[in-house]
Amino acid sequence: MSTVSPSLVVMTTPASDDRVRCSWAGDDPEYRRYHDEEWGMPLHGDRALFEKMSLEGFQAGLSWITILRKRPRFREVFAGFDPEVVAEFGEDDIARLMADPGIIRNRAKIEATIGNAALVREMADGELDALMWSFAPAAIRGARPRTMSEVPAVTAESEAMSKALRKRGFRFVGPTTMYALMQSAGMVDDHLEGCWRAA
């Protein structure tokens, strides 16, 4: 690994990968794949966004790579994040999930995921997608960030999204968590200047 600037790194792998990436991608192969193939790519669909909301909620207070490594197990035990199924989870399911070392065993977050699934189930098809995407900024905000310190943790849009979701009863959807979702779901593009994924 050789440093290009404080915010960008060149990653060299056995596959002769010399792409310049955002520094947060580090040298973990799964993190680089996530950066290259998922982060910042427009994501649509109620089920996909419910999964994203759930995983971002589980991430609160932890590193994203922890969640990313556990995502296959999360998908398995939460029925592929199908809101119709998750909304029906009861105390036995909560006990099962609390005993599973393959996920984050936080009762409040598990219960919030189940409760949020029930709320999604009550919405019309496509309503969650439309609601969340309604908070995507209409225009790119000036120059692309050059360092991670220039990337905001919260924006007016993420605060508005959080407020709208909380008003409907959703939990673990604070403005910082929702801005992380906006970044990962491609509602905003925070790839740093010089990153190969930067438009």
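Identification of the chain as DNA-3-methyladenine glycosylase 1 from Microbacterium azadirachtae is taken from an unreviewed UniProt entry.

**Re the side chain of S158**
Mapping S158 onto the fold places it in helix 8 (residues 156–167). Aside from chain neighbours lying at most four places away, what touches S158 is P175, M178, Y179 and M182.

**Regarding the packing of aromatic side chains**
Counted according to the given criterion, the structure contains 10 aromatic pairs. Ring centres of F74 and F78 lie 6.2 Å apart, and the angle between their planes is 20°; this geometry places the pair in the stacked category. Among the aromatic residues, ring-to-ring pairing joins F50, F58, F74, F78, F81 and F89 into one connected group.

**A word on the UniProt feature "binding site: Zn(2+)" (unreviewed entry) in the chain**
What UniProt calls "binding site: Zn(2+)" (unreviewed entry) maps, in this numbering, to C22, H35, H191 and C195. Across 174 residues in sequence, these annotated residues keep their C-alpha atoms within 10.3 Å of one another, forming a single compact spot. Structurally, C22 can be placed in strand 3 (residues 20–22). We classify C22 as buried; its relative accessible area is 0%. Inspection of the secondary structure puts C195 in the segment after helix 9 (175–184). Relative accessible area serves as the criterion here: at 4%, C195 is assigned to the buried category.

**Overview of unusual backbone geometry**
Located in the positive-phi region is A79, a residue other than glycine, with phi close to 50°. Residue position: A79 is located in the loop between helix 3 (64–77) and helix 4 (83–86). Here A79 falls in the partly exposed class, since its relative accessible area comes to 28%. Located in the positive-phi region is F172, a residue other than glycine, with phi close to 60°. According to the relative accessible area criterion, F172 is partly exposed, its value standing at 34%.

Parameters and conventions
Residues numbered from 1 in each chain as written. Predicted model: local features only at pLDDT ≥ 70, side-chain atom pairs only at ≥ 80, totals over all residues. Heavy atoms only, no water. Helix = DSSP H or I, 4+ residues; strand = E, 2+ residues; numbered from the N terminus. Contact = heavy atoms within 4.5 Å. Phe/Tyr/Trp six-rings, centres within 6.5 Å; stacked < 30°, edge-to-face > 60°. UniProt positions renumbered as here; feature names shortened; annotations may be inferred. Buried < 20%, exposed > 50% of the residue type's maximum accessible area, 1.4 Å probe, protein only.

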